[in-house]
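Residues per chain, in single letters:
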2 protein chains.
Amino acid sequence: MTNDVFHKNELLDRESLHTLQGVRLKNVVFQASKSRFYRDQLFRAGVRIADINSVEDIRKLPFTTKDDLRNHYPDGMLAMPVDKMNRMHASSGTTGSPTCVFYTKNDLQTWADLMARCMYGVGVRPEDVFQNMSGYGLFTGGLGIHYGAERLGCCTIPAGAGNSKRQIKLLHDFHVSVIHIIPSYALHLATVFESMGMDPKSLDLRIAIIGAEPHSEAVRRRIEDLYAIKAYNSYGLSEMNGPGVAFECPEQNGMHIWEDAYVAEILDPETLEPVPEGEIGELVLTTLTREGMPLIRYRTKDLTRFLPGDCPCGRTHRRLDRILGRADDMIILKGVNIYPMQIERVLMSIPEVGQNYLIVLERDGFLDQMRIKVEVKEEFFVEDMRVLKNMQQSIARRLRDEILITPRVELVERNSLPRTQGKAKRVEDRRQES
Amino acid sequence: MTNDVFHKNELLDRESLHTLQGVRLKNVVFQASKSRFYRDQLFRAGVRIADINSVEDIRKLPFTTKDDLRNHYPDGMLAMPVDKMNRMHASSGTTGSPTCVFYTKNDLQTWADLMARCMYGVGVRPEDVFQNMSGYGLFTGGLGIHYGAERLGCCTIPAGAGNSKRQIKLLHDFHVSVIHIIPSYALHLATVFESMGMDPKSLDLRIAIIGAEPHSEAVRRRIEDLYAIKAYNSYGLSEMNGPGVAFECPEQNGMHIWEDAYVAEILDPETLEPVPEGEIGELVLTTLTREGMPLIRYRTKDLTRFLPGDCPCGRTHRRLDRILGRADDMIILKGVNIYPMQIERVLMSIPEVGQNYLIVLERDGFLDQMRIKVEVKEEFFVEDMRVLKNMQQSIARRLRDEILITPRVELVERNSLPRTQGKAKRVEDRRQES
């Protein structure tokens, strides 16, 4: 059971991996060309199957966007007739058409295999009892990880989302050793344990798979401490099956993206050219094994970078950094690409800085400028102008080191910036106003 | 794909089916004896494996109840170690311990096979698009039918419960041909179609699988008319895997219980002796193929009867009538077993009778009596005492034909009986009062 989950491809040398990718890319372009969408796309781009002979040839291929999926709803992306499909997942699609992903029987199999590989890689074994606290249904996170855990041979408890007291009863009574849980829910659940007079550390829990929402390293460490477990980051998106695209190894330093199943590119979201090695850009993915609905150069809009160097775990598949935001959030200022997440990371590493900040883009004559209003913690907001001036300059310098331009930093008192319910508005673009 | 779903066992002659049941029963008793619970039970009952040589020997075996499952929570019923299990489902268990069912990989396979058999039997084919409107998670109805549909090869849309507008969008856009839906929700959804100015008849829908709640033949016919489809009844319970225990065939006259996977007995819930052929009693089930958690003579508490005669469809497996109520509701009066559902069916077939009635059990000297208060529809409640007297006598006669004793019938005006929110209280037992 276990030997067939750990796949020799995980340790394939880079050259062989490249060769494999080239062969599979050619296959998948051939398969994709059977769909109405790609037949047109490839024709318009003037690409023939014969032009694709290595993975480097991927740059000849056109891109695919979420809008393409929406515009060719419901079945224009399919490379095989609907009656060959075995599953369909869809986004909620409250406005306009949902984005749909179809799977053949083989696609479901390879998806479950990839997911099982992820779990096996961090030490999950057939003997484990696995509780899936993800919602099921059309959302790929539920059934995706469920099938992976069953494929691996775990005793799978399809608990679904919510009902914290029942989750805790199941965790305790069935000696659950592995969970799949949303990070914020893991933190919440710990408070429910406390209110019930129980210590989450007393469980038989060993491993948590966390994902489906952005979270910081501090949140991961907090989950690990609260439950006395290891927590591993998972990356996936429905368009690429769902979970199981990239996953951490025991090193917990970046997520290996399974390059025998996907070609990953990191591109400048503006020019669509590759960014220099190790720099941040938009993750663009191509499916290498999907037969029902192959996707070529799909723009995920997710910002990340390849972590440099080899992983001590021995897996040769490259590692992605945490997702650092959305490509749509990118600011272009004086010809430089800047991501708000870069600014946030710098600010949050400075002890004097409070929780809130605002990035204002404005025009000064013919020049674009960035001004950053930064709330200072109460205890650091002193009357001494020299101290504040120093703080200001220090923050500006540290930002410059990260984003390559020097912003004007304006220190403001705690709670003086507007607060919004839900997602904070961090960028105000006033460049068109003057 | 299809040939391996239709199983030759469905047409097995009764004698061969009996032989098969005998062999499998011996196997399953052996398997069960590996669990803590059955080792003790079989020892106490003085039954040895060698004593079980035909399906008739089932009567030597002890019964299993829901309380047994609760008392041996969480794993006292398991015939194999937990680490050999591949899934666990549990009842909600809001009070006390939930009842849990474990499945090995083989058990999941045979469950999916049985469910696929049910669907294939009513004309579902791999080319169908199947939308599952059942909640997923710990409830067996969701994943149970999902796995059956995927096993059969349908394109399965795991829509889950609720969100009617999205359900309708999916039904329409993906040309869904088969659905799994709760009967009351099917009626509700038709009103949503109407409010959207759509006709459910305009869909590509052919077949609905309905179950999970009691419903009348009138409700089934109404669903069939509203959607212009065929609707088939499904019977199952988590303790016996979930759905896929018994299912209608195209004849729509009783649900074939798969006797190669279950031994079905219909017993008097008081004496636990078999009822005469064709009479109502409690359904008692034994699993014949389960390895992880076999159950022997499990008292379902569900009341039904075997329908007499052979089914024109050619399947040899006996047919169960609709579930007619719960064994706990049985009334014993003058030594006769009476089920409130029998009384309800007689009353509801009489045009003059309204929606409400009350069964009162009382003592008259040393004799127990049944008095039935029956609401009469407004238009039939006339002042003429002779008419009412005739109606009264006619109702009493028809009840006598069904329940074998003559109740006192009391006609009352519409809305004069107490109404309760939710489940109506139909029986009032005053026999201990005097």
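Residues numbered from 1 in each chain as written. Chains lettered and ligands numbered in written order. Predicted model: local features only at pLDDT ≥ 70, side-chain atom pairs only at ≥ 80, totals over all residues. Heavy atoms only, no water.

The name given to chain A in an unreviewed UniProt entry is Phenylacetate-coenzyme A ligase, with the source organism recorded as Desulfoplanes formicivorans. Of the comments in the UniProt record for chain A, the one headed Sequence similarities (unreviewed entry) reads "Belongs to the phenylacetyl-CoA ligase family." Word for word, the UniProt comment on chain A under Pathway (unreviewed entry) is "Aromatic compound metabolism; phenylacetate degradation." (UniProt positions renumbered as here; feature names shortened; annotations may be inferred.)

> Give me the lowdown on the environment of Lys201 of chain B, citing residues and values where you can.
Residues and elements named next belong to chain B. Tracing the chain through its elements places Lys201 in the loop between α7 (183-195) and β6 (207-210). It is 8.1 Å that separates the C-alpha atoms of Lys201 and Ile229, two residues lying 28 residues apart in sequence. In this structure Lys201 touches Asp225, Leu226, Tyr227 and Ala228, once residues within four positions along its chain are discounted. A polar side-chain atom of Lys201 sits 3.4 Å from the main-chain carbonyl oxygen of Asp225. (Helix = DSSP H or I, 4+ residues; strand = E, 2+ residues; numbered from the N terminus. Contact = heavy atoms within 4.5 Å. Polar contact = N/O pair within 3.5 Å; in protein donor to acceptor, adjacent residues only side chain to side chain.)

> Please provide a residue-by-residue account of the relation of the copies chain B and chain A, values included.
Superposing chain B onto chain A requires a rotation of 180° together with a translation of 0.0 Å along the rotation axis, leaving an RMSD of 0.1 Å. Look at the turn and shift together and you get a two-fold axis relating the two. Taking C-alpha positions as the reference, the residue of chain B nearest the rotation axis is Tyr136 of chain B, at 3.0 Å. Both copies contact each other with a shared surface, as 100% of the interface residues of chain B are interface residues in chain A too. (Least-squares fit on C-alpha atoms with pLDDT ≥ 70 in both.)

> Please give an account of the packing of aromatic side chains that cites residues and values.
One pass over the structure, following the stated rule, counts twelve aromatic pairs over all chains. Ring plane angle 80° and centroid distance 5.6 Å describe the contact between Phe174 of chain A and Tyr73 of chain B, whose orientation is recorded as edge-to-face. Residue Phe174 of chain A is located in the loop between α6 (164-173) and β5 (178-181), and its partner Tyr73 of chain B is located in the loop between α3 (66-71) and β1 (85-90); the two belong to separate chains. For the pair formed by Phe174 of chain A and Tyr73 of chain B, the shared burial category is buried. Aromatic pair Phe193 of chain A and Tyr227 of chain A: ring centres 6.1 Å apart, planes at 85°, arrangement edge-to-face. (Phe/Tyr/Trp six-rings, centres within 6.5 Å; stacked < 30°, edge-to-face > 60°. Buried < 20%, exposed > 50% of the residue type's maximum accessible area, 1.4 Å probe, protein only.)

> Lay out the side chain of Ser164 of chain B in plain terms, naming residues and giving numbers.
Locating Ser164 of chain B in the fold gives a position in helix α6 (residues 164-173). Relative accessible area serves as the criterion here: at 15%, Ser164 of chain B is assigned to the buried category.

> Lay out the pattern of salt bridges with the relevant residues and their values.
Two side chains that carry opposite charge are able to pair once their charged atoms sit near each other. Residues and elements named next belong to chain A. Overall, the coordinates contain 66 salt bridges over all chains when judged by the stated rule. A salt bridge links Glu10 to Arg117, with the shortest nitrogen-to-oxygen separation between them at 3.9 Å. Here Glu10, found in the segment before α1 (14-32), pairs with Arg117, found in helix α4 (residues 105-121); they are 107 residues apart in sequence, far enough to count as distant. The class of Arg117 is buried, set by a relative accessible area of 5%. For Glu259, the salt bridge goes to Arg318, with nearest N and O atoms at 3.1 Å. With a gap of 59 residues between them, Glu259 in the loop between β9 (255-257) and β10 (262-267) and Arg318 in the loop between β12 (298-304) and β13 (319-320) connect regions that are remote in the sequence. When salt bridges with common partners are traced through the structure, they connect Glu217, Arg220, Arg221, Glu224, Glu248 and Arg322 into a single cluster. (Salt bridge = Lys/Arg side-chain N within 4 Å of Asp/Glu carboxyl O.)

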